[in-house]
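Given next are the chains, with one letter for each unit.
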Amino acid sequence: MQRAVRVLIARAAGGDDYQYLVERPFLTDRSLKFILSCVGRTRSFNEVDVLAKCAGAFLQTGYEATSIDDLVAATGLHRGSIYQAFGSKRGLFLAVLSQLALTGIRSAESMDLVLVALLELAPRDAAVRELAARILAAAADRGTPESLGARLLARAHLGAESEQLINKK
Amino acid sequence: MNTVTITAENLTVEPRGLDKVWSFTNRLEIPLANVRGATFDPGANHEPKGFRGPGLGMPGKWSGTFTRNGGKSFWNVSTPGETIVVQLVNEHFDRLFLTVREPRTIVDQINSALHNP
């Protein structure tokens, strides 16, 4: 039944289901609601906003330890919508990294995100490795091994003190 | 419990033992081109599953086809267990929820076998 309705609508509308349906004056609100529930909802979230929230979750707990439950809580989306939009947690992480590749490394947080990618996924995932390399190449002075190492220490609150600590031993 | 095998072209899911009967499914063959990704997601067990049919739904065990919001998903999950979620495209099922042994290894295998990252 649902499939039949979907096929009918797709045929009549030529693709843009929702707009077509809303403009139909002959449908009552109730039947419109029923048909839309069969068709499935259209995507209605701000992707940049969602990616920023997910980046926050990944920064807090890393990639592996961030569960889909955490991401659902962070974004307020349904689990199904996350899978529908990004395919998997890896797909979502790739989307977050692609966003970062567009904006470039601008803050300490975005540098931490690259560090998370390098530590957790890059050793076993070619796509993440490639993206991370691209981000680092575009970042110039923030992408050097020295600046990454410095950021790693600063994140662990070991900025200037690290040398003193080592010297003490 | 399911056996998941990955070949050069296909992802094969085979419910084990009596799960074949409960889920009305001998095996699922899915071309890797139609797989969008896999995730280790134990929390998915508590997700609303939708209308069952054909299949089995008991507290702690769900096997078969479930329909929710116009999308069909295949479940073969028993709790406590380790669930992976595989998102598909252009297939009969939109999503597979599977209990497997060694979920992290299988998720990595699937994701690294995908043609389209």
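Going by the structure above, here's the rest.
Residues numbered from 1 in each chain as written. Chains lettered and ligands numbered in written order. Predicted model: local features only at pLDDT ≥ 70, side-chain atom pairs only at ≥ 80, totals over all residues. Heavy atoms only, no water.

Student: Could you give me a rundown of the overall build of chain B, with the residues and numbers involved?
Tutor: Along chain B, the regular secondary structure elements total 2 helices and 9 strands. In chain B, the succession of helices and strands from N to C terminus is β-β-α-β-β-β-β-β-β-β-α. Among the 117 residues that make up chain B, the fraction classed as buried is 51%. In chain B, the proportion of contacts linking residues at least 24 apart, taken out of those at least 6 apart, comes to 46%. Summed over all atoms, the accessible surface of chain B reaches about 5,500 Å², with 54% contributed by carbon and sulfur. (Helix = DSSP H or I, 4+ residues; strand = E, 2+ residues; numbered from the N terminus. Buried < 20%, exposed > 50% of the residue type's maximum accessible area, 1.4 Å probe, protein only. Contact = heavy atoms within 4.5 Å. Areas by Shrake-Rupley, 256 points an atom, 1.4 Å probe, with all protein chains shown as cover.)

Student: Can you tell me about the environment of A:Ala52, naming the residues and giving the values?
Tutor: In this fold, A:Ala52 is placed in helix H4 (residues 47-61). Put simply, A:Ala52 and A:Thr75 are 23 residues apart on the chain and 9.1 Å apart in space, counted from C-alpha to C-alpha.

Student: Report on a nonpolar patch on the surface, specifying residues and quantitative values.
Tutor: Nonpolar side chains collect at one region of the surface, where B:Leu18, B:Val21 and B:Trp22 lie side by side and expose about 290 Å² of accessible area between them. Within the secondary structure layout, B:Val21 lies in helix H1 (residues 19-23). (Patch = residues over 30% accessible without salt bridge, like charges linked within 9 Å, V, L, I, M, F, W, Y side chains within 5 Å. Salt bridge = Lys/Arg side-chain N within 4 Å of Asp/Glu carboxyl O.)

Student: Which residues make up the interface of chain B and chain A, and what values do they have?
Tutor: The partner chain A presents 23 residues to the 19 residues of chain B that form the contact. Both sides of the chain B and chain A interface together cover about 1,700 Å² of buried area, and 39% of this is carbon and sulfur. Across the contact surface, chain B and chain A share 4 salt bridges. Our count for the chain B to chain A interface comes out at 9 residue pairs in polar contact (both at pLDDT 80 or more). The set of elements that each furnish at least two residues to the side of chain B that touches chain A consists of strand E4 (35-40), strand E8 (83-88) and helix H2 (103-113) of chain B. For the side of chain B that touches chain A, the leading source of residues is E4(B), giving 4 residues. Grouping the amino acids of the side of chain B that touches chain A by side-chain chemistry returns 4 nonpolar, 9 polar and 6 charged. (Buried area = accessible area lost by both parts, 1.4 Å probe. Polar contact = N/O pair within 3.5 Å; in protein donor to acceptor, adjacent residues only side chain to side chain. Nonpolar A, V, L, I, M, F, W, Y, C, P; charged D, E, K, R; others polar.)

Student: Describe the sheet that holds strand E9 (residues 95-99) of chain B, and please don't skip the residues or the numbers.
Tutor: Sheet strands pair by backbone hydrogen bonding; their relative direction is either parallel or antiparallel. Residues and elements named next belong to chain B. If you trace the 6 strands from one edge of the open sheet to the other, you get E4-E8-E9-E7-E6-E5, paired in mixed fashion. Edge strands, defined here as strands with exactly one partner in the open sheet, are E4 and strand E5 (51-58). Here the average twist between neighbouring strands, direction ignored, is 15 degrees. Relative to E9, strand E7 (residues 71-78) runs parallel, the two being bridged by 4 bridges. The partner of Asn-76 across the bridge, within E9, is Leu-98. (Pairing = 2+ DSSP bridges. Axes fitted to C-alpha atoms, helices over the stretch in contact; angles between N-to-C directions.)

Student: So what about helix H9 (residues 126-138) of chain A? Which residues, and what values?
Tutor: All names here are of chain A. The terminal C-alpha atoms of H9 lie 18 Å apart, and with 13 residues this matches the ideal 18 Å at 1.5 Å per residue to within 8%. For H9, every residue scored as buried is listed here: Ala-127, Val-128, Leu-131, Ala-132, Ile-135 and Leu-136. Along the axis of H9, the buried residues cluster in a sector spanning 165 degrees; they form a single face. Across from the buried face of H9, at angles greater than 90 degrees, the exposed residues are Ala-126, Glu-130, Arg-134 and Ala-137. Capping the start of H9, Asp-125 holds a side-chain oxygen 3.1 Å from the backbone nitrogen of Ala-127, two or three residues further along. Directly after H9, the chain includes Ala-140, whose backbone phi takes a positive value near 55 degrees. (Expected span 1.5 Å × (residues − 1). Arc of directions from axis to C-beta.)

Student: So what about the packing of aromatic side chains? Which residues, and what values?
Tutor: Under the definition given, this model contains 7 aromatic pairs over all chains. Where A:Phe45 meets A:Phe86, the ring centres are 6.5 Å apart and the plane angle is 40 degrees; that geometry is what we call tilted. Of the two residues, A:Phe45 sits in the loop between helix H3 (29-39) and H4 while A:Phe86 sits in helix H6 (residues 79-86), which places them 41 residues apart along the sequence. For A:Phe45, a relative accessible area of 19% puts it in the buried group. Here the aromatic rings of B:Trp75 and B:Phe97 are separated by 3.9 Å at their centres, their planes lie at 5 degrees, and the arrangement is stacked. (Phe/Tyr/Trp six-rings, centres within 6.5 Å; stacked < 30°, edge-to-face > 60°.)

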